[in-house]
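# Coordinate inspection notes
Residues per chain are reported as follows:
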Amino acid sequence: MKVLVTVKEVATVEDDFEISGTEIEERFLDYDLNEWDDYAVEEAVQLAEAGDDVEVVAVTIGPERSEETIRMALAKGADRAVRVWDDAIADVELLDVETKAELLGAVVEAEDPDLVFSGVQANDDSFGATGVALAETVGFEWAAVVNALDTEHVLDEGVASLRRELEGGIEELTDVELPAVLAIQTGINEPRYASLRGIRQAQSKEIDVQSLDDLGVGADDVASSLDVTAMYEPETESEAQYLDGDAGEQAAKLADVLTELGVVGE
Amino acid sequence: MTAVLVVADHRRGDLRDVSLELLSAGRDLADAAGGDLHVAVISGNVESFAETLNREGVDRIHTVAHGEEFNHDVYVQALTALAADLAPEFIVVPNSVNGLDYAPAVATRLDRPYVSDAVGLDYADGTLEVTREMYGSKVETTADVADGPFAVSIRGGEWPPAEGIGDAEVSEFDVDVDEDAVRSKVKGFEEVGGGDVDISDADFLVSIGRGIEEEENLELVEKLAEVTGATLSSSRPIVDNGWLPKNRQVGQSGKQVTPDVYLAVGISGAVQHVAGMKGADTIIAVNTDPNAPIFDIADYGIVGNLFDVVPALIEAFGGEPPSV
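Everything numeric here is computed off the predicted structure, so don't read it as measured data. (Residues numbered from 1 in each chain as written. Chains lettered and ligands numbered in written order. Predicted model: local features only at pLDDT ≥ 70, side-chain atom pairs only at ≥ 80, totals over all residues. Heavy atoms only, no water.)

Another point: the packing of helix H9 (residues 247-260) of chain A against helix H9 (residues 306-316) of chain B. In helix packing, the relevant descriptors are the interaxial angle and the interaxial distance, both defined with respect to the helix axes. At a minimum axis separation of 8 Å, H9 of chain A and H9 of chain B run at an interaxial angle of 50 degrees. Comparing the axis directions of H9 of chain A and H9 of chain B gives the class oblique. Viewed along their axes, H9 of chain A and H9 of chain B form a crossing whose handedness is right-handed. Seen from H9 of chain A, the contacting residues are Ala247, Gly248, Gln250, Ala251, Leu254, Ala255 and Leu258 of chain A; seen from H9 of chain B, they are Asp308, Val309, Ala312, Leu313 and Ala316 of chain B. (Axes fitted to C-alpha atoms, helices over the stretch in contact; angles between N-to-C directions. Helix = DSSP H or I, 4+ residues; strand = E, 2+ residues; numbered from the N terminus. Parallel < 35°, antiparallel > 145°, perpendicular 65-115°, else oblique. Left-handed = near helix turned anticlockwise from the far one by under 90°. Contact = heavy atoms within 4.5 Å.)

Moving on, we come to the side chain of Glu171 of chain A. With respect to the helices and strands, the residue Glu171 of chain A is situated in strand E11 (residues 170-177). A polar atom in the side chain of Glu171 of chain A sits 2.7 Å from the side chain of Asn147 of chain A. A polar contact of 2.8 Å, which involves the side chain of Glu171 of chain A, links it to the side chain of Arg163 of chain A. When neighbours within four sequence positions are excluded, Glu171 of chain A is seen to be in contact with Asn147, Arg163, Arg164 and Leu166 of chain A together with Gly188, Phe189, Glu190 and Val192 of chain B. (Polar contact = N/O pair within 3.5 Å; in protein donor to acceptor, adjacent residues only side chain to side chain.)

On to the interface of chain A and chain B. Contact with chain A, which involves 82 residues of that partner, is made by 84 residues of chain B. Around 7000 Å² of area is buried between chain A and chain B when both sides are counted, 56% of it from carbon and sulfur atoms. Close ionic contact of Glu165 of chain A with Arg236 of chain B constitutes a salt bridge, the shortest N to O distance being 2.8 Å. Ranked by residue count, the leading element in the side of chain A that touches chain B is H9 of chain A, at nine residues. Class assignment for the residues of the side of chain A that touches chain B results in 40 nonpolar, 21 polar and 21 charged. When strand E14 (residues 226-232) of chain A meets strand E10 (residues 139-145) of chain B, the two strands line up antiparallel, connected through six bridges. Following the sheet pairing, Tyr232 of chain A is matched in E10 of chain B by Glu140 of chain B. (Buried area = accessible area lost by both parts, 1.4 Å probe. Salt bridge = Lys/Arg side-chain N within 4 Å of Asp/Glu carboxyl O. Nonpolar A, V, L, I, M, F, W, Y, C, P; charged D, E, K, R; others polar. Pairing = 2+ DSSP bridges.)

Here the focus is the packing of aromatic side chains. All chains considered together, the criterion is met by seven aromatic pairs over all chains. Between the aromatic rings of Tyr242 of chain A and Phe295 of chain B, the centroid separation amounts to 5.5 Å while the plane-to-plane angle is 50 degrees, which identifies the pairing as tilted. Note that Tyr242 of chain A is positioned in strand E15 (residues 241-242) and Phe295 of chain B in helix H8 (residues 294-297), a pairing that runs across two chains. Among the residues examined, Tyr242 of chain A registers a relative accessible area of 33% and is labelled partly exposed. Using a relative accessible area of 1% as the deciding quantity, one classes Phe295 of chain B as buried. With a centroid separation of 5.9 Å and an interplanar angle of 45 degrees, the aromatic rings of Phe70 of chain B and Tyr102 of chain B are classed as tilted. With Phe70 of chain B in the loop between strand E5 (60-64) and helix H3 (72-86) and Tyr102 of chain B in helix H4 (residues 97-109), this pair connects stretches of sequence that are 32 residues apart. Each member of the pair, Phe70 of chain B as well as Tyr102 of chain B, is classed as buried. Among the aromatic side chains, those forming a connected cluster through ring pairs are Phe70, Tyr75 and Tyr102 of chain B. Cation over ring: Arg65 of chain A sits above Tyr31 of chain A, and NZ or CZ is 3.6 Å from the ring centre. (Phe/Tyr/Trp six-rings, centres within 6.5 Å; stacked < 30°, edge-to-face > 60°. Buried < 20%, exposed > 50% of the residue type's maximum accessible area, 1.4 Å probe, protein only. Lys NZ or Arg CZ within 6 Å of the ring centre and 35° of its normal.)

And the structure:
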């Protein structure tokens, strides 16, 4: 069995930052593996550990800098890594869902996996759509917002018995035929830390860089349908009464508030 | 002319609130584009749903009776057929868990650009401008979407629910569902984590978020809950980390709570969390980041470090703070 995991390097923003045009200035950004994808990687690695002959391939769309992130997937147990990049992609300000599905779809065609794990969403652009769009692009079945997967059943039966986390503390129990894309929700497992040995080994692994030509994707296919016209900090609507002072004074004022509200004391 | 097709959301026999909000978002777009507002309601008791969806401004409701509950393969087939029939300029769906499960596939199959989780939509002179949040709600962006027809999902709670009684034409839309293409089977539902405590019954919740940093530090808020007689709850990351059981989680995918007082400690106030606790009578927030969105809905705010404020608060109520 082969499992492809889509991972994304996302920018995280410091508490205080400045916007320049339609972007946050680079000096206020840090880069990290997308939180949801961390769980997707873990789910794939756990499947590999539970079954014989399961290969895990991590794929990302990103510039050279993102190799650091995809090496995290290797360090945690992925067998191979593919990075998709091209000057034509670098020129796009915000990759839309169709483009990502198109590019990842070309990798799926080449790799022919039985399962694809993606994170439910990325915490930078928050589209929450790439996994399902990818499934439709390549003709796979899918499930979004998966928070439990019966590993043995997948390996033995070729059916993904899973739970989807709905709103309000309700879970849906669903069976999905393979091949399938599962969009993985946080909390499905406990992502491992990469071991020092894993990190060292990952450093020496080669990352397979694929261009648009390599994937047989035309430059026109990566033209985004989205043109970002403005970026700004949302206006604060706070009407909160702030309790000032040092921590002791703040706590004393808060204690008074709680007592006045009648939920504590007496 | 069909301008807009919106898709209602329902579960276990009830329409979800976002369904009526979709009607308002859809009506605005239909007015801007000059055309009719159509509604699709698929699976379940479609006739009863159609009655509720028949609000002012709705022109036509299409019912697709197929199965009791949501199945994304059925939704994709039904919506593809409806879109072929109606050729709507806009398909508008909820950014709900079910919306996430069918909308990207529908947009892909119809070759439409898809923009998710809109908090604002503006259409003028053939251009659709979508307002979205990025980087965990730290920024808002506006983006123009290239040539339609368009597919967008909207965030719940951002549009008012449609009101009044409408005079829409309700008709059955017959979809010849290809059962071979239905490769997912919904087998049932389960409520998660009953547990020993029902946080939705509590009058006073002390709720902890990512700001607690380490599991060991939980002792601090547990002590606070103990000395104040509060019930302990949390935001999602705490439950994801396995530090508290699922039945303590407040938010969209957890419990909805309506206590007299909700004390949010080290919780930034992501939209998914706020959805679960905005009904509290009084909201108090303690956070180091003065720009944290939790302060937008708080009645009282403390900009400060929880590791300084909480021990002082425990002492203020005569307790002895644990050393963490």
